[in-house]
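# Survey of secondary and tertiary structure
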Amino acid sequence: MKNYDLNNILHNPEEKLNNDGVIILKNVIPDQYIDSVREEYDILDESLTSTEIVKDKPLIVFWKHVVGETKRITTFEEFPTLWKLIEEVIVPSIREKLPSKSSKLQLLETIIFNKPAKISNTLNWHQDVAYFPLKPNNQIAIWLPFEKITKEKGAMLYALGSHKEGIKGSTNLHTREKFDNEDRELIPDNPEESGFKVRVMEMSQNDMIIHDGYTWHSSGPNEVEGYNRRGLSVRFIIEEALFDPRPGQGAAFTRQIDVNPGEVVKGKPFPDL
Ligand SMILES: O=C(O)CCC(=O)C(=O)O
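One structure accompanies this document, and this report is about it. These figures come from a predicted structure and were not determined experimentally.

## Quick look at the nonpolar core
Core analysis: the biggest nonpolar cluster contains 45 residues, and W143, Y158 and I209 have the highest contact counts within it. Where this core is concerned, the elements lending two or more residues are β2 (22-25), β3 (59-64), β5 (106-115), β6 (123-126), β9 (156-159) and β10 (198-201). Take this core: its biggest share by element is 4 residues, from β9. Not counting chain neighbours up to four residues away, the residues in contact with W143 comprise F113, I149, M156, Y158, M203, M208, I209, R229, G231, L232 and S233. Formed by 36 residues, the second largest nonpolar core is a distinct cluster that contains I29, Y41, L82 and L144.

Written as structure tokens, this is what we have:
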């Protein structure tokens, strides 16, 4: 496994994304945006208890990587600095770097993954699209840390080029147990043993990853006492998609979809940005 090599970045981010299934953009998130998001998150995290899936607006999932934790839910009305970050920084950065992939950016889901120090778990290898009931299943996602992140703090790992392997099965992300009725081939336990180069994404709080929805990724535990590892993921549909439900797709936003199978996924929870 090797740390991300900056010299390796191709000049054309679209080409790099097509090649590796993931890119890292350095110094695109200004401090004032991420500092405000971190402060607002920490306050909300203290008191948030709701688990209600709202149907009329985009939701934000607070997900602690601790076995037995329940996902908690809030909205952008409660978390305005996060909306500002998405609208004023994340979306324009995607459009600037990936012009041919971003003519449509429809918000699908926003999650903050929290790995408390020492007690947090590995999130096993997966690809996002395996959990999404969409056809075509064409998405990109961004991921960014709230503070500088290293391997010991639970940085993201990516299997380069794995997006070219197509759709895989969905499993419980903590235990790797297959979901009921899952008949698709699973991602290997250790992609390195299957010949994939695995890259560790050590990042500053100003950096942002973009990955293809098919790219395999995982993250290890946070081993650093006193560091509360928070990471933001925002997922976007980049091509109009129909609702295509199947067993085993567990993402929270699927309960917001209010159209029939075969119809276009749209509505207030999924705005075009
Ligand atoms: O933050 C993490 O550790 C995992 C994030 C992830 O798997 C995702 O964004 O799909």
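## Description of unusual backbone geometry
Put simply, K135 and P136 share a cis peptide bond, and its omega is -10°. Structurally, P136 is set in the loop between β7 (134-135) and β8 (139-145). You will see that K118, though not glycine, has its phi angle at about 70°, which is positive. Inspection of the secondary structure puts K118 in the loop between β5 and β6. A positive phi angle, near 65°, is found at R176, a position not held by glycine.

## A few points about the packing of aromatic side chains
What characterises a pair of aromatic rings is the spacing of the ring centres plus the angle enclosed by the ring planes. For the structure shown, the criterion picks out 8 aromatic pairs. On the basis of an interplanar angle of 55° and a centroid distance of 4.7 Å, the ring pair of F196 and W216 is categorised as tilted. One end of the pair, F196, is in the loop between β9 and β10; the other, W216, is in the loop between β11 (208-212) and β12 (217-219), and 20 residues separate them in sequence. These aromatic residues form a ring-pair network of at least three members: Y41, F62, F79 and F146. Against the face of W63 rests K71, its NZ or CZ located 4.2 Å from the ring centre. The ring centre of Y227 lies 4.4 Å from the NZ or CZ of K153, which sits over that ring.

## A short note on the environment of P133
Residue position: P133 is located in the loop between β6 and β7. Separated by 121 residues in the primary sequence, P133 and T254 have C-alpha atoms spaced 7.3 Å apart.

## A few points about the pattern of salt bridges
Side chains that carry opposite charge are capable of pairing whenever their charged atoms lie near each other. A complete count under the given rule lists 16 salt bridges for this structure. R38 is the salt-bridge partner of D35, the closest N and O atoms lying 2.8 Å from each other. Highlighted residues: D35 and R38, both in helix α2 (residues 31-47), separated by 3 residues, approximately one helical turn. One salt bridge connects R235 with E109, and the closest N-O pair in it is separated by 3.7 Å. With R235 in strand β13 (residues 229-237) and E109 in strand β5, the pair connects residues that are 126 residues apart, well separated along the chain.

## Examining the side chain of S219
In this fold, S219 is placed in strand β12. A distance of 3.0 Å separates polar atoms of two side chains, one belonging to S219 and the other to K115. Residue contacts for S219: discarding those within four places in its chain leaves H65, K115, N121, T122, L123, G154, A155, M156 and R229.

## Some points on the pairing of β3
Taken across its 6 residues, β3 has 6 buried, putting it largely inside the fold. Along β3, one buried face is formed by L59, V61 and W63 and the opposite face, lined by I60, F62 and K64, is buried too. Across 4 bridges, the pairing between β3 and strand β4 (residues 72-75) is antiparallel. Note that in β4 the partner of I60 across the bridge is T74. Both β3 and β5 contribute to a ladder of 5 bridges, which runs parallel. Its bridge partner lying in β5, I60 is registered against T110.

## Looking at helix α3 (residues 80-97)
Because each turn of an α-helix spans 3.6 residues, side chains separated by three or four positions in sequence point in the same direction. Over its 18 residues, α3 runs 25 Å from end to end, which matches the ideal 26 Å to within 8%, given 1.5 Å per residue. By the largest-angle criterion, I86 marks the main kink of α3, which is about 35°. Of the positions making up α3, those classed as buried are L82, L85, I86, V89, I90, V91, S93 and I94.

## Observations concerning the site of the ligand
Around the ligand there are 13 residues in total, and W143, H217, S219, R229 and R235 lie nearest to it. Between D128 and the ligand, the recorded distance is 3.0 Å, taken from a side-chain N or O atom to an oxygen atom. Coverage of the ligand by the protein amounts to 99% of the 290 Å² it exposes when considered alone. At the level of secondary structure, the elements contributing two or more residues to the shell around the ligand comprise β5, β6, β12 and β13. Of all the elements, β13 adds the most residues to the shell around the ligand, at 3 residues.

Cut-off values and rules
Residues numbered from 1 in each chain as written. Predicted model: local features only at pLDDT ≥ 70, side-chain atom pairs only at ≥ 80, totals over all residues. Heavy atoms only, no water. Core = buried A, V, L, I, M, F, W, Y, C linked by side-chain atoms within 4.5 Å. Buried < 20%, exposed > 50% of the residue type's maximum accessible area, 1.4 Å probe, protein only. Helix = DSSP H or I, 4+ residues; strand = E, 2+ residues; numbered from the N terminus. Contact = heavy atoms within 4.5 Å. Phe/Tyr/Trp six-rings, centres within 6.5 Å; stacked < 30°, edge-to-face > 60°. Lys NZ or Arg CZ within 6 Å of the ring centre and 35° of its normal. Salt bridge = Lys/Arg side-chain N within 4 Å of Asp/Glu carboxyl O. Polar contact = N/O pair within 3.5 Å; in protein donor to acceptor, adjacent residues only side chain to side chain. Pairing = 2+ DSSP bridges. Expected span 1.5 Å × (residues − 1). Bend = angle between axes of the 7 residues up to and from the residue. Near = heavy atom within 4 Å. Areas by Shrake-Rupley, 256 points an atom, 1.4 Å probe, with all protein chains shown as cover.

Coordinates in, geometry out; function isn't part of it.
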